Amino acid sequence: MKILISNDDGFQAKGLVALYDAVKALPGVEVEVVAPEHNNSAKSNALSLHSPLYVQTATNGFRYVNGTPADCVHIALTGLLGYRPDLVISGINNGANMGDDTIYSGTVGAAMEGYLFGVPAIAFSQTERGWAHLDVAATKAAELVQQLLPSLPEMQQRGQAWLLNVNIPCRPAEQIRGVKVTRLGRRHAAEPVIAQVNPRGETMYWIGSAGPARDEAEGTDFHATQQGYVSLTPLQVDLTDHDTLAYWVPTAAALSKEGA
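Everything numeric here is computed off the predicted structure, so don't read it as measured data. (Residues numbered from 1 in each chain as written. Predicted model: local features only at pLDDT ≥ 70, side-chain atom pairs only at ≥ 80, totals over all residues. Heavy atoms only, no water.)

Some points on helix α1 (residues 14-24)
- Here α1 has its buried residues at Gly 15, Leu 16, Ala 18, Leu 19, Tyr 20, Ala 22 and Val 23.
- Contacts made by the buried residues of α1 are with β1 (2-6), β2 (30-36), β5 (87-93), β6 (121-126) and α5 (134-148). (Buried < 20%, exposed > 50% of the residue type's maximum accessible area, 1.4 Å probe, protein only. Helix = DSSP H or I, 4+ residues; strand = E, 2+ residues; numbered from the N terminus. Contact = heavy atoms within 4.5 Å.)

Okay, structure coming up:
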């Protein structure tokens, strides 16, 4: 079983190294790393279309790219590796990717790029920054990968793939209560932008921090991780608001008549 690992914190991030060490120890797997050269948090699914990408190899064998997380997985799957991996995993991210975070997340973006190519993919994150109990998170991630490995050959034969978003509480192993399948919660709007004046007298702006949870009801990723569970959220790419399709039919019909 061949596994590709990427992330958005950069190829030297502790979370990436811990994930690699835990997964490569699983029996019957081959693991390669293609990750960004620098931190690329909040780059989502961005691809670099107007600048060349270069691949370098670190002393530990990790390959790193001067691009985004999605760039890394994209070029890996379209020529760099020379084979199709059975699984793409991303992380372990330094901080949560829950609720609305998944729209912006480079960690999820890297995993989603694999999914868009038809490869099963998982994004792993810790719920807090700072790498507390990272060894526990890496162990939990490897356990999930090991659980899913037997199903991958059949998935590939059927041309099927799934995309999972996994958030692991920063707790000792004995305080992790298990795994819960969850839906995404929601956050309030981000905190106000931070304005500063640079030495040249020009105003510069820093994006404010993410807002607090707005929907953290039972069943959400926020609720599960607060209760000490690992949250496992299946994601999809289809952004269509299926429930309101019928609502917009009269508008389209009226515009069609006007243009006739």
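What to know about unusual backbone geometry
- In this structure, the amide linkage connecting Gly 91 to the following residue, Ile 92, adopts the cis form with an omega of -5°.
- Position of Ile 92 relative to the elements: it lies in strand β5.
- Despite not being glycine, Ser 44 has its phi angle at roughly 50°, a positive value.
- Position of Ser 44 among the secondary structure elements: in the loop between β2 and β3 (55-57).
- Taking the relative accessible area as the measure of exposure, Ser 44 reaches 18% and is therefore buried.

Section: the pairing of strand β10 (residues 194-197)
- Pairing between β10 and strand β11 (residues 203-206): four bridges, direction antiparallel. Residue Ala 195 lies in a different strand from β11, and its bridge partner there is Tyr 205.
- Counting the residues in the hairpin turn of β10 and β11 gives five residues, including Gly 201, whose phi is positive at 85°. (Pairing = 2+ DSSP bridges.)

Looking at the sheet that holds β6
- Overall, mixed pairing links the nine strands, which are arranged β3-β4-β2-β1-β5-β6-β7-β13-β8 in an open sheet. Because the sheet does not close on itself, it has two edges, and the strands there are β3 and β8 (178-181). Taken pair by pair, the neighbouring strands of this sheet meet at an average axis angle of 25°, ignoring direction.
- Sheet topology note: the β1/β5 ladder contains four bridges and is parallel. Within the sheet, the bridge partner assigned to Leu 4 lies in β5 and is Val 88.
- This element, α5, spans β1, β5, β6, β7 (163-168) and β13 (229-235) of the sheet and lies at about 160° to β6. (Axes fitted to C-alpha atoms, helices over the stretch in contact; angles between N-to-C directions.)

Considering the side chain of Thr 225
- Note that Thr 225 resides in helix α7 (residues 221-226).
- Once you skip the residues sitting within four places of it in the chain, Thr 225 turns out to touch Met 98, Thr 127, Asn 167, Pro 169, Arg 171 and Ser 231.

Looking at the packing of helix α2 (residues 69-80) against helix α4 (residues 106-116)
- Relative orientation of the contacting elements α2 and α4 amounts to 20°, with a least axis distance of 7 Å. It follows that α2 is roughly parallel to α4 by the angle criterion. Classified by chirality, the crossing of α4 by α2 is right-handed. Judged by residue contacts, Pro 69, Ala 70, Val 73, His 74 and Leu 77 of α2 engage Gly 106, Gly 109, Ala 110, Glu 113 and Gly 114 from α4.
- Each residue belonging to the contact of α2 with α4 can be placed in one class, and the counts come to five nonpolar, four polar and one charged. (Parallel < 35°, antiparallel > 145°, perpendicular 65-115°, else oblique. Left-handed = near helix turned anticlockwise from the far one by under 90°. Nonpolar A, V, L, I, M, F, W, Y, C, P; charged D, E, K, R; others polar.)

Brief notes about the packing of aromatic side chains
- All told, the structure shown has three aromatic pairs when counted by the stated rule.
- Consider the rings of Tyr 20 and Phe 62, whose centres lie 4.9 Å apart with planes at 75°: the pair is edge-to-face. Taken together, the positions of Tyr 20 in helix α1 and Phe 62 in the loop between β3 and β4 (63-65) put the pair 42 residues apart, joining distant regions of the chain. As far as burial versus exposure is concerned, Tyr 20 and Phe 62 are alike and both buried.
- Measuring from ring centre to ring centre gives 4.9 Å for Tyr 247 and Trp 248, while their planes differ by 90°; the resulting arrangement is edge-to-face. (Phe/Tyr/Trp six-rings, centres within 6.5 Å; stacked < 30°, edge-to-face > 60°.)

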